[in-house]
Amino acid sequence: MKLSQKETTFTNEVVTRFELYNSLFLTLPFYQVKHTGTLLPFFTTHCEDGVKNQLAPTDIIESFFGQYEQYVQRADRFDLLFRFIQYIERQVVLFDAVEDAAFNKTGRWDDTGSLQALIQQAVSHPAINEKVKSKLKDFSLRLVLTAHPTQFYPGSVLAIITDLIDALKVNNITAINLLLQQLGKTPFFSKTKPTPVDEAASLVWFLENVFYEATANVQQQIDNEFELPGSDTHQLLELGFWPGGDRDGNPNVTTESTQTVSELLRTVLFRCYYRDFRFLKRRITFRGVEKYIDALQELFYENSFKVVPNLKDQKAEIVSNLETIKEVLIRSHDSLFVDNVEDLIRKVKLFGCYFATMDIRQDSRILRNVHQFCLKQHDIFERDFNYENASDADKIEKLRFLEADFLCGDDEEPLIKDTLQTIRLISHMQYAGGEKACHRFIISNCQQASDILQLMELFLISGWKKDSLTIDFVPLFETVQDLQEAGEIMQTLYNHPFYKEHLTKRKNKQTIMLGFSDSTKDGGYLMANWSIFKAKVSLTKIARDNGIDLTFFDGRGGPPARGGGKTNRFYASMGRDVANDHIELTIQGQTISSQYGSFDSASYNMEQLINAGVVSSLEQSNTDTLSVDQIKLIEDLAVNSFHSFLALREHPLFLNYLEEFSPLKLLSQINISSRPVKRNTDAKLKLEDLRAISFVTAWSQLKQNIPGYYGVGTALQKAKEQGTLEDIKKLYCDSGQFKTMIDNCMMSMSKSDFRITAYLEQDETFGEFWKIVKDEFELTKNLLLEVSDSKVLMEQYPVERKSIALREKIVLPLVIIQHYALQQLNNATDDEAQLAIYNKLIIRTVYGIVNAGRNLV
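Residues numbered from 1 in each chain as written. Predicted model: local features only at pLDDT ≥ 70, side-chain atom pairs only at ≥ 80, totals over all residues. Heavy atoms only, no water.

*Asks:* What exactly am I supposed to notice about the packing of helix α13 (residues 315-332) against helix α14 (residues 338-351) here?
*Replies:* Each packed pair of helices is defined by two parameters, the angle between the axes and the distance between the axes. As a packed pair, α13 and α14 sit with axes 10 Å apart at the nearest point and diverge in direction by 165°. Judged by the inter-axis angle, α13 sits roughly antiparallel to α14. Our pair here, α13 against α14, has a crossing hand that is left-handed. Residues K315, I318, V319, L322, E323, I325, K326, L329 and I330 of α13 lie in contact with α14, whose contacting residues are V338, V341, E342, L344, I345, V348 and K349. (Axes fitted to C-alpha atoms, helices over the stretch in contact; angles between N-to-C directions. Helix = DSSP H or I, 4+ residues; strand = E, 2+ residues; numbered from the N terminus. Parallel < 35°, antiparallel > 145°, perpendicular 65-115°, else oblique. Left-handed = near helix turned anticlockwise from the far one by under 90°. Contact = heavy atoms within 4.5 Å.)

*Asks:* Which parts of the structure should I look at to understand the environment of L299?
*Replies:* If you trace the backbone, L299 turns up in helix α12 (residues 290-305). Between the C-alpha atoms of L299 and G597, which are 298 residues apart in sequence, the distance is 30 Å. Residues in contact with L299, not counting those within four places in the same chain, are F270, Q314, E317 and I318.

*Asks:* Is there a simple way to think about helix α19 (residues 480-495) in this case?
*Replies:* Residues spaced three or four apart along an α-helix point in a common direction, a consequence of the helix completing one turn every 3.6 residues. Of all the bends in α19, the greatest measures close to 45° and is centred on A486. Those residues of α19 lying buried are V480, D482, L483, A486, G487, I489, M490, L493 and Y494. (Bend = angle between axes of the 7 residues up to and from the residue. Buried < 20%, exposed > 50% of the residue type's maximum accessible area, 1.4 Å probe, protein only.)

*Asks:* It is not clear to me how the environment of K6 should be interpreted in this structure. Could you clarify?
*Replies:* The residue K6 is located in helix α1 (residues 3-22) in this model. Judged by relative accessible area, K6 falls into the buried class, the value being 18%. As a C-alpha pair, K6 and D467 span 461 residues in sequence and 58 Å in three-dimensional space.

*Asks:* How should I be thinking about the side chain of R368 in this particular structure?
*Replies:* If you trace the backbone, R368 turns up in helix α15 (residues 364-375). A distance of 2.8 Å separates a polar atom in the side chain of R368 from a polar atom in the side chain of D451. Discounting chain neighbours no more than four positions away, the residues touching R368 are N445, Q447, Q448, D451 and Q454. (Polar contact = N/O pair within 3.5 Å; in protein donor to acceptor, adjacent residues only side chain to side chain.)

*Asks:* Would you take a moment to explain helix α34 (residues 832-853) for this structure?
*Replies:* Along its 22 residues, α34 runs 32 Å from first to last C-alpha, staying within 8% of the 32 Å computed at 1.5 Å per residue. Burial analysis of α34 places 16 of its 22 residues in the buried class, the great majority of the element. (Expected span 1.5 Å × (residues − 1).)

*Asks:* Whenever I open this one, the sheet that holds strand β7 (residues 549-555) confuses me. Can you help?
*Replies:* Sheet strands line up and pair through hydrogen bonds in the backbone, either parallel or antiparallel. Pairing is parallel in the closed barrel, where eight strands are placed in the order β1-β2-β3-β4-β5-β6-β7-β8. Across the sheet, the axes of successive neighbouring strands diverge by a mean angle of 25°, strand direction being ignored. The pairing of strand β5 (residues 472-477) with strand β6 (residues 509-515) spans two bridges and is parallel. The partner of F477 across the bridge, within β6, is L514. Of the strands in this sheet, β1 (140-145), β2 (237-241) and β8 (582-587) are in contact with helix α25 (residues 599-618), which crosses β1 at around 140°. (Pairing = 2+ DSSP bridges.)

*Asks:* Mind showing me how you'd approach unusual backbone geometry here?
*Replies:* Backbone phi values are negative for most residues with the exception of glycine, while trans is the configuration of most peptide bonds. Positive phi is not limited to glycine here, since N171 has a value of about 55°. In this structure, N171 sits in the loop between α8 (155-169) and α9 (173-185). Look at M794: it is not a glycine, yet its phi comes out positive at around 60°. Along the chain, M794 falls in the loop between α32 (767-788) and α33 (798-826).

*Asks:* Honestly, the pairing of β7 in this entry has me stumped. Any pointers?
*Replies:* Along any regular strand the residues' side chains alternate between the sheet's two faces. Burial within β7 is extensive, with six of its seven residues counted as buried. Here β6 runs beside β7; their pairing, made up of seven bridges, is parallel. By the bridge assignment for β7, G515 is matched with G555.

*Asks:* Mind showing me how you'd approach the pairing of β1 here?
*Replies:* In terms of burial, β1 is largely enclosed, as six of its six residues are buried. Across the two faces of β1 the burial is the same, with S140, R142 and V144 and L141, L143 and L145 all buried. As paired elements, β1 and β8 share six bridges and run parallel to each other. Within β8, the residue paired with L141 across the bridge is I583.

*Asks:* Would you take a moment to explain the packing of aromatic side chains for this structure?
*Replies:* In this description, a pair of aromatic rings is defined by centroid distance and the angle of the planes. A full pass over the atoms with the stated rule returns 43 aromatic pairs. Here F459 and F473 contribute two aromatic rings whose centre-to-centre distance is 5.4 Å and whose plane-to-plane angle is 90°, an arrangement assigned as edge-to-face. Of this pair, F459 sits in helix α18 (residues 449-461) while F473 sits in strand β5; the two residues are 14 residues apart in sequence, bridging distant segments of the chain. Measuring from centroid to centroid gives 6.4 Å for F654 and F769, while their planes differ by 70°, and the two rings are edge-to-face. Of this pair, F654 sits in helix α27 (residues 654-661) while F769 sits in helix α32, and the two are 115 residues apart along the sequence. One aromatic cluster is present, formed by Y212, F270, Y273, F277, F300, F351 and F355 through successive ring pairs. Residue placement shows R440 over the ring face of F553; its charged tip is 4.9 Å from the ring centre. Sitting over the face of the ring of F82, K840 holds its NZ or CZ atom 5.3 Å from the ring centroid. (Phe/Tyr/Trp six-rings, centres within 6.5 Å; stacked < 30°, edge-to-face > 60°. Lys NZ or Arg CZ within 6 Å of the ring centre and 35° of its normal.)

*Asks:* Help me understand the pattern of salt bridges in this model?
*Replies:* Any two side chains of opposite charge can pair, so long as their charged atoms come close to each other. Under the criterion given, the structure shown has 48 salt bridges. K505 serves as the salt-bridge partner of D467, at 3.3 Å between the closest nitrogen and oxygen. Placement of D467 in the loop between α18 and β5 and of K505 in helix α20 (residues 497-505) is noted, with a sequence separation of 38 residues between them. We classify D467 as exposed; its relative accessible area is 70%. Because the salt bridges share partners, they merge into one network encompassing E213, D223, D276, D343, R346 and K347. (Salt bridge = Lys/Arg side-chain N within 4 Å of Asp/Glu carboxyl O.)

Structure representation (structure tokens):
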């Protein structure tokens, strides 16, 4: 299909329909909605003209109100600005829904990456079929939903969006109109900060309404076509869950919230089972199955609607009853409704009694403190040397791995108590939901082998036994330096007798998590991506040398700056040097909504990842495995971009600029997350304490997105001066890995607009800094267009490019309002009431801008 046809289809199915249904907003139950809807197009055009003329946001806003006599009073102006925000927030939802409703027509151009394409290829070639079957026996895909504060829609709004998508698919005008009116009355945001349990409930909505059916659907396609042997130890599709378990930097996550979320996951899952079972019960009214139906009725109902004491794993019992029903249907009732029984069996095998595996995560510095606390309990350990200040090798040598049953007192420090109590809780979670309910402990900021081994010792002194330590210990390497040292740390662990023995019991499987967000904040876009790739190559070799089945767990956010972007292509181009038998990645925030928010999009993206993992191993070409010369090219680019990014980070105005012209200081007031904006919340803001997600959010609100491109232009310019740019152009064409990096960089830049802050060029304090950032943007843009042989950014992806442009147009008034309010705050007024209004304007605009961007943070 030609590019023009893609754009034409997108225009017809999305743009035209959005404009049509947008007219229904004039009927929304808002105060003076017709007046707001009439003025908004004029305001949008005024903002566009002002941006083209590089006017300051204050001048744009003031000149707009100067055209209307009724807006002389400041209170009336504020009122209209808030009504604009309210209106645009709903427009963003409508655009999301229209785009999602058209997904099967506009989002599936590349069917070569679908599961159906893989099946057709296997059916046509018996030899390929056997290879695919062999690969699928070992391959696994795990999607992990995280609690990072980028999902702004509450469950009530998500439900409206789901119904709106269904109505849009069939052009049900009456239903669409009613749903838009419901949307108008429904609050988008909470007046209080969510608890970890609230966050979990928000993401459980996706498990219940999307993943439950979509995951089973993908599994069914694979079961039907490849007839894979059943296995109790290997599972092709898995779901993970961080809300309630991820306590890194979030003191609001406690043992109690972890237990509550675990029970919530189980309850919601059993309600899903019960809905399916009720359908079965209405259909299977034959003799011979009554006893099994009655047993399942009681089991599903009890676990769905009653408080069950002493929860236990009942997966085997459920499957046994269903399998017996299936046998009776085949033997005595002409196999009537066997497909429905098999569907429920499949779901129970996928989700067990836990729905999604809860990961526990904590920072290594906290875990070290807990370990130190335990060492000082003389009835547990005796130490005759200064363990805290010893080298890592000396620490490891002194670790004894003794089993004990130490109980932490209630009067101990909260983090110490939480860690030790949570270690005990995991055992109960496994009893209630099976081992997969919670079997991983992730050590963030892992910097030495003892960080892992000390945690293992904490498990043993908390009642766990060596022979039944059913836990996988997952180091998380995040900064550029940590990534460089990861290989040495893992080799130390693989050589350690106790860890080696533990891995043997875990079937020699090791998971290593790599963080994109902090490495980008630390080293810039190219260096972060390249450091992670190099770490993967090194860690793969070490694992293979030690006979380890290695899984890389990629901590990815939505935007390219946090590891997002074109994820499927990333995994399809790993090459032979990177372990790719298993794909694990975090999905969060707008990535969940945009890529997994509906049955169609979730099925499609899971299929793409499975296809990428299988094809990557079956068809690894020489172009996927980088040559020595190609490695040298990328290494030089990464190093030069790193120095450029570091120079910007070390600029004395760097953090001041971000605080002054972005909503960074106000992000902590946005009621979307239980997690603080920065670590060390009581200390003065320092870049190293600032969370990567807040860092990226602030730059995206500024429409400058430097984490996704800064330094790339300088690196390419040096390559051009050295005469290697032609080699880089060839690398872009030949290497899927490098092409994905460059394409994702261009996506990030497509969401930048320096015209909005052009007025800063004349600022006495920040003018020079703004120009530094702007010049790097222009340099990067021009050289990326040259490398990709394009005339505009994202030329090869016209549908995505047009979608981004339309979304940016919708929220431009929000951006102008936000920057106007920031300007007023920076001009400092003594009027506390006005300050509060400006703060509220800024906070409200953040929601809409992020929601419209979908993968902005």
